[in-house]
Amino acid sequence: MLPSTRGGRVELILSLGVLALGIAATVVAFRLPEAGGYSRIGPNFVPRMVSAGMIVLGVWLLAEVFTGGWRERVPDDPAERGEHAFHPGAFAWVSAGLFAQMALINTAGFVIAAMALYALVARGFGSARWARDLAIGLVLGVAVFLFFVRFLNVNLPAGWLKPVLGA
């Protein structure tokens, strides 16, 4: 039975879209080279698996459309979904943290940049305890820095803390 409601038609269109995208991805995946080397898994393996998953998902969604509609639909009311109003101040603090990290990472180093990012994002989420947030950001930044530099052998910029960190 074809859906007669507007929501049912939208679900049908989206289901067909997912199925069509999966079929198109399958066509592209089967055009990729098959050189697999010793493991017999080449560069086309993951795209084929993803496209197969999209086809299965599209068929599953279509089956749900024709058996009563998608289950667990998201409510149309934003308050019912648990969404909150946009807070420009919070957005500005988080954005400032990202820009501060980008500006500081090459000169001040990874740890200082991570500390600034953590403190500014915490402020965006409502924290007013700057000293605590900077300290937590410093500890987390040092831990991540040492993990990447010592264990994973990834070169992160030490910046101003190079004499202390020994990187």
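Check the entry above for the structure.
Residues numbered from 1 in each chain as written. Predicted model: local features only at pLDDT ≥ 70, side-chain atom pairs only at ≥ 80, totals over all residues. Heavy atoms only, no water.

Here's the deal with the overall build of the protein chain
If you tally the helices and strands in the protein chain, you get seven helices and zero strands. Over its C-alpha trace the protein chain gives a radius of gyration of 25 Å, far above what one expects of a compact globule, namely 15 Å for 167 residues. With respect to the three principal axes, the spread of C-alpha positions in the protein chain is 70 × 55 × 20 Å. Here the protein chain holds 167 residues, and 29% of them are scored as buried. Counting only contacts in the protein chain whose residues sit at least 6 apart along the sequence, the fraction spanning at least 24 positions is 54%. For the protein chain, the centre of its 13 positive side-chain charges and the centre of its 9 negative side-chain charges are spaced 12 Å apart. (Helix = DSSP H or I, 4+ residues; strand = E, 2+ residues; numbered from the N terminus. Rg over C-alpha atoms; globule rule 2.2 N^0.38 Å. Buried < 20%, exposed > 50% of the residue type's maximum accessible area, 1.4 Å probe, protein only. Contact = heavy atoms within 4.5 Å. Lys, Arg positive; Asp, Glu negative; His and termini not counted. Charge placed at Lys NZ, Arg CZ, Asp CG, Glu CD.)

Thoughts on the nonpolar core
Phe 110, Val 111, Ala 114, Phe 145, Val 149, Leu 156, Ala 158 and Leu 165 together form the largest nonpolar core, which totals eight residues. At the level of secondary structure, the elements contributing two or more residues to this core comprise α5 (110-124) and α6 (130-151). The biggest single contributor to this core is α5, with three residues. Excluding its chain neighbours within four sequence positions, the residues that come into contact with Phe 110 are Ile 105, Gly 141, Val 144, Phe 145, Leu 156 and Pro 157. (Core = buried A, V, L, I, M, F, W, Y, C linked by side-chain atoms within 4.5 Å.)

Observations concerning helix α2 (residues 45-65)
Compared with an ideal rise of 1.5 Å per residue, which puts 21 residues at 30 Å, α2 spans 30 Å between its outermost C-alpha atoms and is within 8% of the ideal. Of all the positions in α2, only Arg 48, Ser 51, Gly 58, Leu 61, Leu 62, Glu 64 and Val 65 are classed as buried. (Expected span 1.5 Å × (residues − 1).)

Quick look at the packing of aromatic side chains
Given two aromatic rings, one states the distance between the centres and the angle between the planes to describe the pair. Here the structure, examined in full by the defined rule, presents four aromatic pairs. Consider the rings of Phe 147 and Phe 148, whose centres lie 5.9 Å apart with planes at 85 degrees: the pair is edge-to-face. Phe 147 gets classed as partly exposed once you look at its relative accessible area, which sits at 41%. Pairwise contacts between aromatic rings join Phe 147, Phe 148 and Phe 151 into one cluster. (Phe/Tyr/Trp six-rings, centres within 6.5 Å; stacked < 30°, edge-to-face > 60°.)

Observations regarding unusual backbone geometry
Unlike most non-glycine residues, Asn 153 shows phi in positive territory, near 60 degrees. Here Asn 153 shows up in the loop between α6 and α7 (162-165). By relative accessible area, which is 70% here, Asn 153 ends up exposed.

Digging into the side chain of Ser 127
Mapped onto the fold, Ser 127 is located in the loop between α5 and α6. In terms of polar contacts, Ser 127 uses its side chain to reach the backbone amide nitrogen of Arg 129, at 3.4 Å. A distance of 3.0 Å separates polar atoms of two side chains, one belonging to Ser 127 and the other to Arg 132. (Polar contact = N/O pair within 3.5 Å; in protein donor to acceptor, adjacent residues only side chain to side chain.)

A look at the pattern of salt bridges
The full count for this structure, using the stated rule, is two salt bridges. The shortest N-O distance in the salt bridge between Arg 81 and Glu 83 comes to 2.8 Å. With a relative accessible area of 46%, Glu 83 lands in the partly exposed category. Among the ionic pairs, Arg 132 bridges to Asp 133, the shortest N-O distance being 3.2 Å. When its relative accessible area of 38% is taken as the criterion, Arg 132 is described as partly exposed. Its relative accessible area of 3% is what places Asp 133 among the buried residues. (Salt bridge = Lys/Arg side-chain N within 4 Å of Asp/Glu carboxyl O.)

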